[in-house]
Amino acid sequence: MLDKLARRLASLAFGGSCYLCRGASHGVLCERCDADLPRLGAAHCPRCALASPGGAVCGRCLTQPPAFDATNAALAYAFPADVLVQALKFRGELALAPVLGDLLAHCISQRADWIVPVPLSGERLRSRGYNQALEIARHVSGATGARLAPDACRRSHDTAVQMDLPL
C-alpha cells in the first residue's frame, strides 16, 4: 500500500510524465526508459561489481582482496542512471529516491539485518538539506525489512567532493 502511495505521489510530482523522456507515464519512469536502465547483469564481480567474465570474482579482488565481502549494485553509473543519481543528489529530486531504492532492494543478494547510509558532513548536510544516501536507504529498508540505522556511522571529518576526485 505504501509503495502504491509513493508511486501515486511521484506521478503527481512529475505530472504523469516520465522523468527522463517526458513521455506519458504512471510512475517516475515510463516502461521504455525503465527498460533502458543499465542494469548490472551476471557478468560482474560479486565483490566489487566491476565487469568480470562469467560473474566470477575478478583478478583484482583475488590478488588484492578488498575489506568487504560483496557489493550489491543495481545499475552501472552510465546514462540514463547517472542522470537519475545526479538529479537526486544535486537537484533535490527526492521523488527519485524510491525508484533508486527499489532498484537496489531488488538486487540485494544476501539477507541484510541493517541498512546503514553513508553520512554527510554537517556542512554538506546543511548546504544540501538532505542526505541522498539516507533517502535511498529508507526505501531499501522498507522493501527488504532490514532495520535502518541512520546514526550508526558518523563522519569524523570533511572529505573532498566526490566529483573532484581523480578517476
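What you see as residue numbers is a count from 1 along each chain, following the sequence as written. Selection of residues for local features in this predicted model requires a pLDDT of at least 70, selection of side-chain atom pairs for listing and counting requires 80 or more, and totals for whole chains, interfaces and linings are taken over all residues. Neither water nor hydrogens contribute to the side-chain values; these are computed over all heavy atoms in the structure.

### Side note on the nonpolar core
Right, on to step 1. Nine residue types can take part in a nonpolar core, namely buried Ala, Val, Leu, Ile, Met, Phe, Trp, Tyr and Cys, and a core is a set of them joined through side-chain atoms within 4.5 Å. Throughout this description, buried means an accessible area under 20% of the type-specific maximum (1.4 Å probe, protein chains only), exposed means over 50%, and partly exposed covers the range between. Membership of the largest hydrophobic core comes to 24 residues, with the highest contact counts inside it found for Tyr-19, Leu-29, Leu-75, Leu-84, Leu-96, Leu-100 and Leu-103.
Right, on to step 2. What counts as a helix is a DSSP run of H or I of at least four residues, what counts as a strand is a run of E of at least two, and both are numbered from the N terminus. Secondary-structure elements contributing two or more residues to this core are helix H4 (81-91), helix H5 (97-105) and helix H7 (132-144).

### Description of a nonpolar patch on the surface
Right, on to step 1. A grouping of Phe-90, Val-161 and Met-163 is seen on the molecular surface, where their side chains present a nonpolar patch of about 290 Å² in accessible area.
Right, on to step 2. When you line up the elements, Val-161 lands in the segment after strand S2 (147-148). A residue counts toward a patch only above 30% relative accessible area and without a salt bridge, and it is joined to like-charged neighbours within 9 Å or, for Val, Leu, Ile, Met, Phe, Trp and Tyr, to nonpolar neighbours within 5 Å. Accessible surface area values rest on a Shrake-Rupley calculation with a 1.4 Å probe, where residue burial reflects the displayed protein chains alone. By definition here, a salt bridge exists when the distance from a side-chain nitrogen of Lys or Arg to a carboxyl oxygen of Asp or Glu is within 4 Å.

### A look at the packing of aromatic side chains
Right, on to step 1. By convention, a stacked pair of Phe, Tyr or Trp rings (six-membered ring in the case of Trp) has centres within 6.5 Å and planes under 30 degrees apart, an edge-to-face pair has planes over 60 apart, and any other such pair is tilted. The final tally for this structure, using the stated rule, is zero aromatic pairs.
Right, on to step 2. The ring of Tyr-19 has Arg-22 lying over it, and the distance from NZ or CZ to the ring centre is 5.2 Å.
Right, on to step 3. It is Arg-147 that lies over the ring of Trp-114; its NZ or CZ is 4.3 Å from the centre. Remark: a charge is flagged as sitting over a ring if the NZ atom of Lys or the CZ atom of Arg is within 6 Å of the ring centre and within 35 degrees of the ring normal.

### Structural notes on the pattern of salt bridges
Right, on to step 1. Inspection of every chain in the model, using the stated rule, returns three salt bridges.
Right, on to step 2. Two residues, Arg-39 and Asp-34, come together in a salt bridge whose shortest N-O distance is 3.1 Å.
Right, on to step 3. The class of Arg-39 is partly exposed, set by a relative accessible area of 39%.
Right, on to step 4. A salt bridge links Arg-138 to Glu-135; the nearest nitrogen and oxygen atoms lie 3.5 Å apart. Separated by three residues within a single helix, Arg-138 and Glu-135 lie in helix H7, roughly one turn from each other.
Right, on to step 5. When its relative accessible area of 17% is taken as the criterion, Glu-135 is described as buried.

### What to know about H5
Right, on to step 1. Within H5, eight of the nine residues are buried, which leaves the element mostly enclosed by the surrounding structure.
Right, on to step 2. The set of residues buried in H5 consists of Ala-97, Pro-98, Val-99, Leu-100, Gly-101, Asp-102, Leu-103 and Ala-105.

### Examining the side chain of Ser-52
Right, on to step 1. On the secondary structure map, Ser-52 appears in the loop between helix H2 (31-35) and helix H3 (59-63).
Right, on to step 2. Within 3.5 Å is the distance limit for a polar contact, defined as a pair of N or O atoms, with the added protein rule that one can donate a hydrogen and the other accept it, and that residues adjacent in sequence qualify only through two side-chain atoms. At a separation of 2.7 Å, a polar atom in the side chain of Ser-52 contacts the main-chain carbonyl oxygen of Ala-56.
Right, on to step 3. Only heavy atoms matter for contacts: two residues are in contact if any of them lie within 4.5 Å across the pair. Residues in contact with Ser-52, not counting those within four places in the same chain, are Ala-43, His-44, Cys-45, Val-57 and Cys-58.

### Here's the deal with the environment of Gly-145
Right, on to step 1. You can see Gly-145 is positioned in the loop between H7 and S2.
Right, on to step 2. Between the C-alpha atoms of Gly-145 and Ala-112, which are 33 residues apart in sequence, the distance is 8.4 Å.

### Some remarks on H7
Right, on to step 1. Over its 13 residues, H7 runs 18 Å from end to end, which matches the ideal 18 Å to within 8%, given 1.5 Å per residue.
Right, on to step 2. Among the residues of H7, Gln-132, Leu-134, Glu-135, Ile-136, Ala-137, Val-140 and Ser-141 are the ones counted as buried.
Right, on to step 3. In this fold, the buried residues of H7 make contact with H4, H5, strand S1 (114-115), helix H6 (122-128) and S2.
Right, on to step 4. Near the N-terminus of H7, the side chain that reaches the backbone nitrogen of Ala-133, with its oxygen 2.9 Å away, is that of Asn-131.
Right, on to step 5. Positioned one or two residues after H7, Gly-145 has a phi angle of 85 degrees, which is positive. One fewer than the residue count of a helix, multiplied by 1.5 Å, yields its expected span.

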